Each structure stands twice: as C-alpha cells, then as structure tokens.
Amino acid sequence: MPKSKRPKKAKPAASEMSTGEATVATLIAHGLDTVYALPGVHNDHLFDAFQRAGERLRVVHTRHEQGAAYMALGAALATGKPQAYVVVPGPGLLNSAAALLTAYGMNAPVLALIGQIPAAAIGLGYGHLHEIRDQAGIIARLVDHSARINGPAEAPAKVAKAIQSMHHGRPGPAALECAIDVWGKRAPVAAIVAPAPRHPPRIDEDAIRAAAKLLAKSKRVLIVAGGGAQDASFEVTLLSSMLQAPVLAYRRGRGVLDDRDPFSVTLPLGRELWGEADAVLAVGTRLLTPLTAWGVDKNLQIVRVDADVQEPARLHEPKVALIGDAAPILRRLIDDLARLNPRRAARGDDMQQRQAKMRQRLAKLAPQLAFLNAIRAALPENGIFVDEVTQIGFAARLAFPVYRPRTFLSPGYQDNLGWGYATALGAQAARPDVPVLSINGDGGFLYTANELATAMRHCIPLVAVVFVDGAFGNVRRIQMEQFGNRLIASDLANPDFVKYAESFGASGRRAHNPSELGAALRLAFARREPTLIEVPVGPMPSPWDFIHMPPVRGRPNRLP
Ligand SMILES: Cc1ncc(C[n+]2csc(CCOP(=O)(O)OP(=O)(O)O)c2C)c(N)n1
Ligand SMILES: [Mg+2]
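Here we summarise the structure given alongside this text. Sequence order sets the numbering: in each chain, residues are counted from 1 along the sequence as written. Both sets of labels track the order of writing: A upward for chains, 1 upward for ligands. Totals for whole chains, interfaces and linings use every residue, but because this is a predicted model, local features are given only for residues with pLDDT of at least 70 and side-chain atom pairs only at 80 or more, for both listing and counting. By convention in this description, side-chain values take in all heavy atoms of the structure and omit both hydrogens and water.

Moving on, we get to the site of ligand 1. Definition of nearness: a residue and a molecule or strand are near each other if at least one heavy atom of the residue lies within 4 Å of the molecule or strand. In the vicinity of ligand 1, 17 residues are found, and the nearest of them are Thr390, Gln391, Asp442, Gly443 and Gly473. By the criterion applied in these results, polar contacts are pairs of N or O atoms within 3.5 Å in which, for protein atoms, one can donate a hydrogen and the other can accept it, and in which residues neighboring in sequence qualify only through two side-chain atoms. Backbone polar atom of Asp415 to a nitrogen atom of ligand 1: 3.1 Å apart, as the coordinates give it. Between Asp469 and ligand 1, the recorded distance is 3.0 Å, taken from a side-chain N or O atom to an oxygen atom. Residue burial considers only the protein chains on display, and all accessible areas are found by Shrake-Rupley using a 1.4 Å probe. Contact with the protein chains removes 75% of the 590 Å² of surface that ligand 1 exposes when unbound. Contributions of two or more residues to the shell around ligand 1 are made by α17 (442–448) and α19 (473–482). Across the shell around ligand 1, the residue classes break down as six nonpolar, eight polar and three charged. The helix count covers DSSP runs of H or I at least four residues long, the strand count covers runs of E at least two residues long, and both are numbered beginning at the N terminus. Under the convention adopted here, Pro, Cys and the residues Ala, Val, Leu, Ile, Met, Phe, Trp and Tyr are nonpolar, Asp, Glu, Lys and Arg are charged, and Gly plus all remaining residues are polar.

Take the pattern of salt bridges next. Between Lys or Arg on one side and Asp or Glu on the other, a salt bridge is scored when a side-chain nitrogen of the former is within 4 Å of a carboxyl oxygen of the latter. This model, assessed by the stated rule, comprises 35 salt bridges. Residue Arg331 is joined to Glu235 by a salt bridge in which the shortest nitrogen-to-oxygen separation is 2.6 Å. In this pair, Arg331 is assigned in helix α12 (residues 326–340) and Glu235 in helix α9 (residues 233–243), connecting sequence segments 96 residues apart. For Asp433, the salt bridge identified is with Arg431, shortest N-O distance 2.8 Å. With relative accessibility at 26%, the residue Arg431 sits in the partly exposed group. Among the charged side chains, a network of salt bridges with common partners joins Glu16, Glu21, Asp48, Arg52 and Arg186. Relative accessibility under 20% of the residue-type maximum defines a buried residue, over 50% an exposed one, and the middle range a partly exposed one, all with a 1.4 Å probe and only protein chains included.

Within helix α7 (residues 155–165), burial applies to Ala155, Pro156, Val159, Ala162 and Ile163. Projected onto a plane normal to the axis of α7, the buried residues spread over an arc of 135° and lie on a single side. Counted as exposed and oriented over 90 degrees from the buried face of α7: Ala157, Lys161 and Gln164. Contacts: residue pairs with any heavy atoms within 4.5 Å of one another. Buried residues in α7 make contact with α1 (19–29), β5 (110–116), β6 (145–149), β7 (174–179) and β8 (186–189). When we speak of the arc, we mean the arc of directions from the helix axis to the C-beta atoms.

With that settled, the discussion passes to the packing of aromatic side chains. By convention, a stacked pair of Phe, Tyr or Trp rings (six-membered ring in the case of Trp) has centres within 6.5 Å and planes under 30 degrees apart, an edge-to-face pair has planes over 60 apart, and any other such pair is tilted. One pass over the full model with this rule turns up 10 aromatic pairs. Judged by centre distance (5.3 Å) and plane angle (85°), the ring pair of Phe47 and Phe50 falls under edge-to-face. Pair noted here: Phe47 and Phe50 are both in helix α2 (residues 44–53), with a separation of three residues, about one helical turn. A relative accessible area of 15% places Phe47 in the buried class. Grouped by ring-pair contacts, the aromatic residues Phe385, Phe400 and Phe408 constitute a single cluster.

Turning our attention to the environment of Asn382. Looking at where Asn382 falls in the secondary structure, it is placed in the loop between α14 (366–378) and β15 (384–386). When the C-alpha positions of Asn382 and Asp433 are compared, they lie 9.6 Å apart, and in sequence the two are 51 residues distant. Excluding residues that lie within four positions of it along the chain, Asn382 makes contacts with Arg404, Thr407, Val434 and Pro435.

Structure below.
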C-alpha cells in the first residue's frame with residue numbers, strides 16, 4: 001500500500017506528567033507491581049507518584065537500603081522477572097551496593113532507582129546532602145546499563161531502555177539516577193504503552209548442527225547447568241534422557257534437573273563424571289571450577305550455551321558456542337539430535353550405584369545432613385530454600401534435594417555473608433503463593449535481621465532458621481585446623497534470638513535437634529506468619545574436601 005493511502009494511526013495525546021509519574025507509569029506498563037524502597041528527601045516526588053499510583057504498585061519499605069536491594073534481588077530470582085528498588089544517593093546507594101554487586105554476579109534483572117543532588121550542582125563538589133563524587137561513574141562500574149533521567153519527556157524511554165537492557169544479551173541489573181529537582185518537574189509526556197514483545201534472537205543453525213553432531217557422536221556426555229539454565233529445565237531434562245547424560249549443578253543450577261532423577265549430580269560426583277566425559281554441554285554456566293580446578297585435555301569436547309557472546313571463550317575455547325537464551329537453543333538442539341537418533345546404552349543403574357556410593361562419602365557431613373533432611377521433609381516440593389554462607393548452606397549446595405527450578409536460591413560467586421534473610425524476604429514478598437525458608441548462621445543473620453520489622457510491617461510470612469554456634473564458624477574452623485588454633489575475631493556475642501524475634505512481634509521458637517526443627521517448621525508453614533527458629537549447634541565437620549577438589553584430567557586451566 002502506498003504510504004499516503006495507509007490509514008493514519010491516531011497519535012496518542014501527550015499529557016502533562018511529572019518525571020516521577022512518568023517513571024511510575026512506565027514501571028507499571030512493564031509489569032512491575034512492587035518496588036522495594038527506603039525514602040528520603042531526594043526522592044519525595046517519586047514516592048508521591050507511588051502514593052498516587054495506589055494499588056497498581058506496592059511499595060515495600062525496608063529498614064536499611066541493603067534490605068531493599070536484597071529484597072528486589074530475591075524477588076527477581078524467585079520470579080525471573082524484573083524488579084526495582086529505590087534509594088537516596090550517596091549513602092543510600094552505597095548501602096545497597098553489595099546487593100547490586102550480587103545481582104550483577106547472578107545476572108539478575110534488578111533495576112536500581114537512585115536519587116541525585118540538584119541537577120545544576122552535580123559534579124561541582126559543593127557538599128550537598130548525600131553528595132558523592134561521580135555517582136554516575138560509580139553506578140556505571142556496578143552495572144552494564146546506567147543513565148540519568150533529565151526530565152518527564154525522556155523518562156518513559158529511559159526506564160523502558162533500562163528494563164529492556166536487563167534481559168538483552170546477558171541479563172543483569174541496571175541503574176537510573178534522577179536529581180532531587182527533576183522528579184517533580186512537569187511537562188507533556190507521550191502516552192506510555194506496554195512494551196512490544198521481544199523478538200526471539202536468531203539462532204545460528206550451523207552451530208546447532210555442529211553441536212548436535214558432536215553430541216550425537218560422543219559416548220559419555222556430561223551436561224553442566226548454571227543459573228542461566230533455570231528457565232530451560234524441561235529442555236535439559238529431555239536432553240539428559242536422550243543422551244543418557246548426567247547433569248551437574250552446584251549453586252545456581254540446582255533444581256534445573258529434579259534431584260529425584262539419578263542423573264542429577266552435584267560437585268563431587270560431577271568431578272568424577274567430568275574426568276570420564278568425552279563431551280560436555282555447558283548451559284548458562286561460567287564453568288569456572290571444572291575448567292580451572294578439574295582440568296581439560298584434547299579428549300574433552302565442549303559445547304557452550306550462553307547468553308553472553310564473550311563468556312564461552314573466556315577461559316577455554318569451546319568446540320561450539322551457541323549464543324542466546326538457553327531454552328529455545330536447546331529446543332533446536334533437541335530437534336537436530338532427534339534426527340541423528342543417537343543410541344545410548346541406559347546409564348540409569350550405573351548412576352544409581354554412583355549416587356549410593358556418593359551418599360556414603362557425604363555421610364561425613366552427618367550433622368548438617370540430619371538438619372537438611374528435616375528441612376526437606378517439612379518444606380513443600382514447591383517451597384523455596386534460600387541459602388547462606390554457613391555450614392548448613394555449604395552442605396545444602398552439595399546434598400539438599402531440590403525438585404524444581406528457582407526453588408534453591410544461592411548467592412553465586414560473590415558468596416556474600418548476610419545476603420540471605422533479606423533476599424528470602426523478597427522471594428517471599430514476590431511469591432506469596434509458596435512457602436519460603438531462609439537458613440542462616442548466627443554471623444550472617446545479624447546482617448539483615450533488622451528486616452524482621454519489614455516482615456511484620458508488610459505481613460511477609462517468611463520462615464527463617466538461625467543455626468547458632470556462637471562463632472563465624474567457618475573462619476574459626478580454618479583458624480583451628482590451618483593456623484595452629486590461633487583464634488582471632490571469630491567468636492560472637494549473640495542475642496537471645498527467640499526473644500529478639502518476639503520483640504518484633506514475630507513468632508520465635510527454639511529447636512534443639514533435627515526432629516524438633518522439623519516440627520517447628522511444619523507449624524510455621526501451617527501458620528504462615530513471620531517466624532524465626534533458633535537452633536543451637538556445635539562445630540560441624542568441614543565440607544571443603546567436597547568443594548575444593550584436585551584436578552581429575554589433563555591440565556587445569558589456571559589463570560597466570
Ligand atoms: C560479605 C562477607 N564478609 C565476610 C565473609 C567471610 N566469611 C565467610 S563464612 C564467614 C562466617 C560465617 O559465620 P556464620 O554465619 O555464623 O556461619 P557458620 O560458619 O558459623 O555456620 C565469614 C565471616 C563473606 N563470605 N562475605
Ligand atoms: Mg556461626
């Protein structure tokens with residue numbers, strides 16, 4: 001049709017809005033229904049826009065900015081959808097920075113909305129409230145996409161671009177800043193429309209064919225699943241069965257393959273299988289431990305699936321790299337493989353036997369496993385387990401049975417103590433339909449324990465357990481075993497955690513052994529109220545022999 005004959009689309013009328021209103025309307029148009037936030041004068045006009053958005057956008061305010069940012073992270077991990085948090089500039093931003101760093105490491109779609117000093121004063125060093133030198137430069141180092149919103153008219157496009165960036169290529173957080181005198185500025189803003197559906201990225205058919213051929217020819221394939229495989233559980237499960245391939249997952253990949261499947265393995269058995277494999281299909285994982293610690297040789301052919309074009313060759317050039325979202329790529333791979341019809345001897349019995357042997361070896365961690373068994377028996381199949389940097393957490397990464405994707409949240413390579421409670425609170429706020437369990441050591445818990453107040457204020461029925469050994473136990477054990485028992489800075493003075501919980505109005509309980517913990521958990525999940533369960537424990541056996549393991553083939557690809 002010639003251009004002039006096309007029926008003219010009515011141009012939606014521009015209406016006057018503030019920058020804050022335009023930002024809020026764009027967040028809502030993108031499907032966000034909650035923001036995690038701590039207010040302050042720099043963002044008053046934005047909060048006023050939240051207030052006037054009413055039911056359409058819930059504001060969960062926290063007691064510290066790290067709580068807001070971790071909650072957004074937990075919500076993003078539990079749902080796979082973009083989430084946002086709001087903080088004042090300078091100290092507010094820095095208070096949230098560990099969580100933003102963790103979101104970056106975990107490729108989590110978290111949008112940071114950060115205030116700024118008056119626009120005309122930025123960069124001039126006058127000493128305005130919460131001023132920080134080069135805030136734009138700081139946030140640009142923390143995330144891949146950042147920008148400043150300079151007025152209402154550009155707010156929708158800047159917010160939309162930031163949200164889009166969180167799913168474009170390698171997913172991850174984004175940050176937007178806006179000056180104190182800009183949030184309230186009013187001007188005509190073009191109508192805000194829902195984003196167009198994303199075009200699926202083009203799949204490299206030649207690479208798919210090459211990968212299918214390689215995998216069909218191989219006799220012993222090992223699949224390694226990372227955080228990037230969380231939305232490809234169906235496809236990974238099918239491939240595992242077609243190729244009779246075990247699936248190795250450690251922290252972020254747990255739950256991609258149901259742990260009731262004997263092909264699902266964690267680190268120690270995964271290392272054994274890595275040593276025997278002739279091909280590896282690595283899905284959404286950096287492959288850091290296998291490549292740098294376990295070793296590679298010319299008999300191991302590697303196929304990488306990754307959203308980031310730079311990732312596959314970072315440590316070791318793979319035979320084939322498939323770039324894009326895991327699920328559609330694996331579906332194409334499955335089609336091609338089905339045509340090649342690879343015949344595999346069934347490995348189910350072999351895997352059952354290996355699993356039984358591994359269970360015997362892991363029995364060294366009996367005290368941790370007894371608690372984990374009690375937790376698994378009480379936590380429903382779709383319940384979400386949020387890990388921490390504590391003895392029960394280290395053992396959970398190796399041996400807690402996970403049945404579904406996105407039900408085991410672990411902090412990835414940052415492994416930052418204290419992320420757990422607030423992250424779990426965010427997961428529970430975003431998934432009120434399932435029970436969420438946060439496990440903590442007494443060291444990590446007090447990082448964000450103040451957010452018990454947030455759980456109460458917003459009726460978030462998170463159940464948390466704190467294992468109390470009176471120590472930064474991990475640090476202490478290393479001092480005992482490797483530094484001639486010269487103890488330093490690793491003992492802890494603790495509150496009475498039951499009373500502490502009760503002082504917020506939450507339910508506090510004490511459990512002295514796994515069976516008491518199981519009973520306390522069942523009660524808490526039935527009541528659905530903010531709960532803290534204190535479990536006094538002694539020192540626990542070291543898990544590290546199962547985590548830091550020596551090479552098993554060729555040369556470890558160690559960095560200089
Ligand atoms: C942000 C951060 N600070 C410090 C550490 C170092 N660290 C690792 S484990 C640990 C002690 C953990 O103590 P606790 O939470 O009580 O767990 P436990 O080992 O006693 O079970 C420390 C300090 C860390 N991982 N992250
Ligand atoms: Mg401890």
